Amino acid sequence: MNVVVVESPAKAKTINKYLGSGYKVLASFGHVRDLPAKDGSVLPDQDFEMSWEVDSASQKRMKDIADAVKGSDGLFLATDPDREGEAISWHVLDLLKKKKVLGDKPVKRVVFNAITKKAVLDAMAAPRDIDVPLVDAYLARRALDYLVGFNLSPVLWRKLPGARSAGRVQSVALRLVCDRENEIERFVSEEYWNLSALLKTPRGDEFEAKLVAADGKRLAPRAVKTGDDANRLKTLLEGASYVVDSVEAKPVKRNPGPPFTTSSLQQAASSNIGFNASRTMQVAQKLYEGIDIGGETVGLITYMRTDGVQMAPEAIDAARAAIVDQFGNRYLPEKPRFYSTKAKNAQEAHEAIRPTDFNRTPDQVRKFLDADQARLYELIWKRGIASQMASAEMERTTVEIVASNGGDKAGLRAVGSVVRFDGFLSAYMDRRDEDEKSEDDDEDGRLPEINARENLAKQKINSSQHFTEPPPRYSEASLIKKMEELGIGRPSTYAATLKTLSDREYVVTEKRKLIPHSKGRLVTAFLENFFTKYVEYDFTADLEEKLDRISAGELDWKQVLRDFWSDFFAQIEDTKELRVTNVLDALNEALAPLVFPKREDGSDPRICQVCGTGNLSLKLGKYGAFVGCSNYPECNFTRQLSSDGAEADASGLNEPKALGADPHTGEELTLRSGRFGPYIQRGEGKEAKRSSLPKGWKPEDIDHEKALALINLPRDVGQNPETGKMISAGLGRYGPFLLHDGSYANLESIEDVFSIGLNRAVTVLAEKAAKGPGGRGRGTPAALKELGDHPDGGAVTVRDGRYGPYVNWGKVNATLPKGMDPQSVTMEQAMALIIEKGGKQPAAKSKAKPKKAAAKADGETKKAAPKKAAAKTTAAKKAPAKKTAAKTKKTDT
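Note that the structure is a prediction, hence the values are computed from the model and not measured. (Residues numbered from 1 in each chain as written. Predicted model: local features only at pLDDT ≥ 70, side-chain atom pairs only at ≥ 80, totals over all residues. Heavy atoms only, no water.)

**Here's the deal with a negative patch on the surface**
Link 1 in the chain: Taken together, the side chains of Glu-700, Asp-701, Asp-703 and Glu-705 define an acidic patch exposed on the protein surface.
Link 2 in the chain: Take Asp-701: it is sitting in the loop between β24 (689-692) and α20 (704-711).
Link 3 in the chain: Assessed through its relative accessible area of 42%, Asp-701 is described here as partly exposed. (Patch = residues over 30% accessible without salt bridge, like charges linked within 9 Å, V, L, I, M, F, W, Y side chains within 5 Å. Areas by Shrake-Rupley, 256 points an atom, 1.4 Å probe, with all protein chains shown as cover. Salt bridge = Lys/Arg side-chain N within 4 Å of Asp/Glu carboxyl O. Lys, Arg positive; Asp, Glu negative; His and termini not counted. Charge placed at Lys NZ, Arg CZ, Asp CG, Glu CD. Helix = DSSP H or I, 4+ residues; strand = E, 2+ residues; numbered from the N terminus. Buried < 20%, exposed > 50% of the residue type's maximum accessible area, 1.4 Å probe, protein only.)

What follows is the structure, encoded as structure tokens:
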């Protein structure tokens, strides 16, 4: 019997069926060890010696693997076909060697790009040894990410309170978003005018032509700058006669693009079906690992972490056969199409993302898939088959027209295109993001019959005013495209990097656009001023290229680390003498549009409007940065920085706004703006009662009635007729609630707090009590998703609770990580969360303990804040950081 080690239990089950009884397939559940989140995990002074840690769940899995290997004939390491998969195999092999269970048993590495029987059996028939340069590249990347994250983040904590972390790739991606915001803020809009003529042919057909020449010269785009110029040209066109100067019809071919890579799939999924990068990879992972198709589990797509654009020869042949079958011979080109990658630093050796069987059309497999899986599979199938189809044949017609008015002439142009043969467009057409569209996107319509030298009749002259617009904010798709162009990060890290920026609240997403949060802009400005080199695009791309050269065996990984560390350590040391006042001065200048936005009255935005003499400046508090007055404590004006990069709308709250007196206490009610947003205050001094405005309440809408209702919460609703005890309604940390005899019940809206009557309150409490005990009388919510049975028995489900969605197994409730979609949770992820939670509850034991499921973006090590602000930043000596439960699942960095 031979032992085969893969990463996923879902893959293990499927592959074991393919290989038969002579093999035992076991899952590692991703990485089996990682660098612990503490000082000394990487030691530059000892030539970058790395200390690895195996958590308790991984120890159990490694014991199972070691026990199986003891009685086996050989070991096959069959983890994923990329650098991270190579690293997992290396870790497993190294641990087995330390356990001394291998003896002289043969050890081989096998890789397959798809989970199909043929792909797996072919791989088993052609094993190889572990690729040492590929492992070296992983070690170098892991060490670099640890050294940057673990040494730079403490500098942020000390010099920029409220900042959570920095990372080698994460910080550069954040800089891209912030730089775009700076461009938008600096942008000065310019006026321009477009002119066009609606003309009619002698046959009575109308069409529109745009002004492209005047005053004897061609007009550049947006060349007509003023209304006066536009009116002059419009007058010329109004009185002109029109003659067709030339008609040119050119055949144009449009060729299909290559099959998807990781980044192009993420971009297309965003533009076509609205998936973010993380969701795209979650669904693709499931399609790759296998779907039950009529009683057989089979992988529907090839491996989804790749920047390769080529398909295997047999796949090309299958695609060509499917084209003839699905579309006809006319759609099959004479020769197969071959593609080469344009991505900077492309290094992955395996295929593009494609269907494992082109005969499995989207319509045939749709009944076996959920809605998201079906949409993504259809996208991949269509793009894959289109890549081998015939070109689309277009006819592009350009009509040049001369307008004559006395001695003045102007030139107009009409452009139209017609699809003569749709070719690959019958299978797949890209849908571009809004920020990729041009002004010529509307020139694809058909023109009527127009002949050279014939006269045209003027119907109408159109003149429209426009203003140039700033560059658009990045979407996830356009940011990934930009990172790929610059060579920043690797394709498989993009989704994790974007998720990290969101989780740490450095970036917020609105209408699919990425907007830098004020704390993200502060971090970027700090790094640009004091760690300039390490957020430069070229430096980061150059380092990626070095890592790729390591994987090709061209560079020594330790020497790359030595070169990096000497400069980086010196930069860290220099910050020890950096005073917070120096930091604030630099940030005030770098972020002036954010910190000191222009005022409508034209007054100096740096002078305090409350006291009139103090200078405004950034201040650093325990919870981050805010704007305050230099005359503090005499002037206690403060203003928060908004989350969308603009000044917080204080709505006239530069000074307290009087709303009237509380009739019960006689104290004045005022609306104020504080560090954490607008709030109501009753009275003055330390004993004054304060209440923040609920989410959704705008300061400009607050009147005396609303302020009085809010400041007097919680309010008594009435006595419960059954118990005689008071029921009260209020607003808490987790939203609106009812309270009765120590038991809470959630209310649906904030308005219910102020309007709910006794009868309805009694009903809500009764309904809550009927759901059964648990968590302050809270009943067990209905399952959002059933995942299957736990190895020890009992159902594993996903539920929605008071504190958000969670995984439930018996008495174990494990909260889902922030941002995780409850509907996308897999059994593997659920088991990892249960084990992590169950480790604290001895009653909840598991036979198969997956590792903790806190994936790290950008290959960074999560860490707690240092125990002392003055902690050392050297690798050899720093204040010990608190241990975290973070343990990396597989993310190819």
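Alright, that's what it looks like, and here's the rest.
**Considerations on the sheet that holds strand β5 (residues 74-77)**
Link 1 in the chain: With parallel pairing, the 4 strands of this open sheet are ordered in space as β2-β1-β5-β6. Of all the strands in the sheet, the pair left with one neighbour each is β2 (23-27) and β6 (107-109). Averaged over all adjacent pairs, the angle separating strand axes in this sheet is 20°, with direction ignored.
Link 2 in the chain: Summarising the sheet, strand β1 (residues 2-6) and β2 pair through 5 bridges and their orientation is parallel. By the bridge assignment, Val-5 is partnered in β2 with Leu-26.
Link 3 in the chain: Helix α1 (residues 9-19) rests against β1 and β2 of the sheet, and its axis sits at about 170° to β2. (Pairing = 2+ DSSP bridges. Axes fitted to C-alpha atoms, helices over the stretch in contact; angles between N-to-C directions. Contact = heavy atoms within 4.5 Å.)

**What about helix α4 (residues 117-124)?**
Link 1 in the chain: Every buried residue of α4 is accounted for by Val-120, Ala-123 and Met-124. For α4, the angular spread of the buried residues around the axis is 100°, confining them to a single face. (Arc of directions from axis to C-beta.)

**Some points on the sheet that holds strand β28 (residues 743-746)**
Link 1 in the chain: Taken in spatial order, the 4 strands of this open sheet run β25-β26-β27-β28, and their pairing is antiparallel. Either end of the sheet is taken by a strand with one partner, and the two such strands are β25 (715-719) and β28. On average, each strand axis in the sheet is tilted by 30° relative to the strand beside it, whichever way the strands run.
Link 2 in the chain: Running at roughly 105° to β28, helix α22 (residues 758-770) makes contact with β25, β26 (726-732), β27 (735-740) and β28 of the sheet.

**Details of the pairing of strand β15 (residues 455-467)**
Link 1 in the chain: Pairing of strand β7 (residues 191-200) with β15 involves 10 bridges; the strand directions are antiparallel. For Trp-193, the partnering residue across the bridge sits in β15 and is Gln-465.
Link 2 in the chain: Two strands pair when backbone bridges link them, and strand β10 (residues 241-254) and β15 are joined in this way by 2 bridges, in the antiparallel orientation. Bridged to Val-243 within β15 is Asn-455.

**Thoughts on the state of the cysteines**
Link 1 in the chain: Here the structure, examined in full by the defined rule, presents 0 disulfides.
Link 2 in the chain: Of all cysteine sulfurs, the one in Cys-608 lies closest to Cys-635, which takes part in no disulfide; the gap is 3.7 Å. (Disulfide = S-S within 2.5 Å.)

**Quick look at unusual backbone geometry**
Link 1 in the chain: Geometrically, the link from Tyr-632 to Pro-633 is a cis peptide bond, its omega value of 10° lying close to zero.
Link 2 in the chain: With respect to the helices, strands and loops of the structure, Pro-633 is situated in the loop between β19 (624-629) and β20 (638-639).
Link 3 in the chain: Here the residue pair Leu-713 and Pro-714 is connected by a cis peptide bond, since its omega of -5° sits within 30 degrees of zero.
Link 4 in the chain: Secondary-structure assignment places Pro-714 in the loop between α20 and β25.
Link 5 in the chain: One non-glycine residue, Phe-29, lies in the positive phi region at around 60°.
Link 6 in the chain: Within the element layout of this structure, Phe-29 appears in the loop between β2 and β3 (42-43).
Link 7 in the chain: Even without glycine at this site, Asp-47 takes up a positive phi of about 55°.
Link 8 in the chain: Here Asp-47 lies in the loop between β3 and β4 (49-50).
Link 9 in the chain: In this structure Asp-47 comes out as partly exposed when scored by relative accessible area, which is 33%.

**Considerations on the environment of Leu-816**
Link 1 in the chain: Relative to the assigned elements, Leu-816 resides in the loop between β32 (812-815) and α23 (827-838).
Link 2 in the chain: Among the residues examined, Leu-816 registers a relative accessible area of 8% and is labelled buried.
Link 3 in the chain: Separated by 14 residues in the primary sequence, Leu-816 and Ala-830 place their C-alpha atoms 8.6 Å from one another.

**Focus: the pattern of salt bridges**
Link 1 in the chain: For the structure on display, the rule yields 49 salt bridges.
Link 2 in the chain: Note that Asp-129 is salt-bridged to Lys-108, the shortest N-O span being 3.5 Å. Note that Asp-129 is positioned in the loop between α4 and α5 (132-159) and Lys-108 in strand β6, a separation of 21 residues in sequence.
Link 3 in the chain: Arg-175 is paired through a salt bridge with Glu-528; the nearest N and O atoms lie 2.9 Å apart. Of this pair, Arg-175 sits in helix α6 (residues 170-186) while Glu-528 sits in helix α15 (residues 518-530); the two residues are 353 residues apart in sequence, bridging distant segments of the chain.
Link 4 in the chain: What makes Glu-528 partly exposed here is its relative accessible area of 25%.
Link 5 in the chain: Three or more residues are tied together by salt bridges with common partners; here these are Asp-47, Asp-556, Lys-558 and Arg-562.

**Brief notes about α5**
Link 1 in the chain: With 28 residues, α5 extends 41 Å from end C-alpha to end C-alpha; this agrees with the ideal 40 Å at 1.5 Å per step.
Link 2 in the chain: Across the 28 residues of α5, 25 count as buried, placing the element largely inside the fold. (Expected span 1.5 Å × (residues − 1).)

**A few points about the confidence of the model for the protein**
Link 1 in the chain: Mean pLDDT for the protein: 83, with 86% of residues reaching 70 or above.
Link 2 in the chain: Taken as a whole, residues 643-654 scores under 50 in pLDDT and shows 29 contacts with residues more than four places along the chain or in a different chain.
Link 3 in the chain: Overall, residues 774-779 carries pLDDT values under 50, and its contacts beyond four positions in sequence, including any with other chains, amount to 17 contacts. (pLDDT = per-residue confidence, 0-100.)

**Overview of the pairing of β26**
Link 1 in the chain: In this sheet, β26 lies alongside β25 in antiparallel orientation, the contact comprising 4 bridges. The residue bridging Gly-718 from the neighbouring strand is Ile-727, located in β26.
Link 2 in the chain: Between β25 and β26, which follow one another and run antiparallel, lie 6 residues, and Gly-724 among them has a positive phi close to 75°.
Link 3 in the chain: Note: β26 against β27, 6 bridges, orientation antiparallel. Across the sheet, the residue bridging to Gly-730 is Phe-737, located in β27.

**Some thoughts on the nonpolar core**
Link 1 in the chain: Core analysis: the largest hydrophobic core is formed by 164 residues, its most contacted members being Leu-96, Leu-287, Ile-301, Leu-376, Phe-526 and Phe-531.
Link 2 in the chain: Considering every element that reaches this core, the biggest residue donor is α5, with 14 residues.
Link 3 in the chain: In this view, Leu-287 contacts Gly-299, Leu-300, Ile-301, Leu-369, Gln-373, Leu-376 and Tyr-377; residues no more than four positions away in its chain are not counted.
Link 4 in the chain: Residues Ala-197, Ala-240, Val-399 and Ala-403 belong to the second largest nonpolar core, which totals 26 residues. (Core = buried A, V, L, I, M, F, W, Y, C linked by side-chain atoms within 4.5 Å.)

**Some remarks on the environment of Pro-470**
Link 1 in the chain: Note on placement: Pro-470 falls in the loop between β15 and α13 (476-486).
Link 2 in the chain: What makes Pro-470 partly exposed here is its relative accessible area of 35%.
Link 3 in the chain: Between the C-alpha atom of Pro-470 and that of Val-188, which follows or precedes it by 282 residues, the distance is 7.9 Å.
Link 4 in the chain: Every residue in contact with Pro-470, bar those within four places of it in the chain, is listed here: Ile-184 and Phe-187.

**So, the packing of aromatic side chains**
Link 1 in the chain: Applying the stated criterion to the full structure yields 19 aromatic pairs.
Link 2 in the chain: Here Phe-260 and Tyr-428 contribute two aromatic rings whose centre-to-centre distance is 6.2 Å and whose plane-to-plane angle is 85°, an arrangement assigned as edge-to-face. Of this pair, Phe-260 sits in the loop between β10 and α8 (262-273) while Tyr-428 sits in the loop between β14 (408-421) and β15, and the two are 168 residues apart along the sequence. The exposure classification of Phe-260 matches that of Tyr-428, with both residues buried.
Link 3 in the chain: Considering the side-chain rings of Tyr-288 and Tyr-303, the 5.2 Å spacing of their centres and the 65° angle between planes classify their relative orientation as edge-to-face. Residue Tyr-288 is located in helix α9 (residues 277-289), and its partner Tyr-303 is located in the loop between β12 (296-298) and α10 (313-326); the two are separated by 15 residues in the primary sequence.
Link 4 in the chain: Taking relative accessible area as the criterion, Tyr-288 reaches 0% and is therefore assigned buried.
Link 5 in the chain: The positively charged end of Arg-175 is found above the aromatic ring belonging to Tyr-537, 4.5 Å away from the centroid. (Phe/Tyr/Trp six-rings, centres within 6.5 Å; stacked < 30°, edge-to-face > 60°. Lys NZ or Arg CZ within 6 Å of the ring centre and 35° of its normal.)

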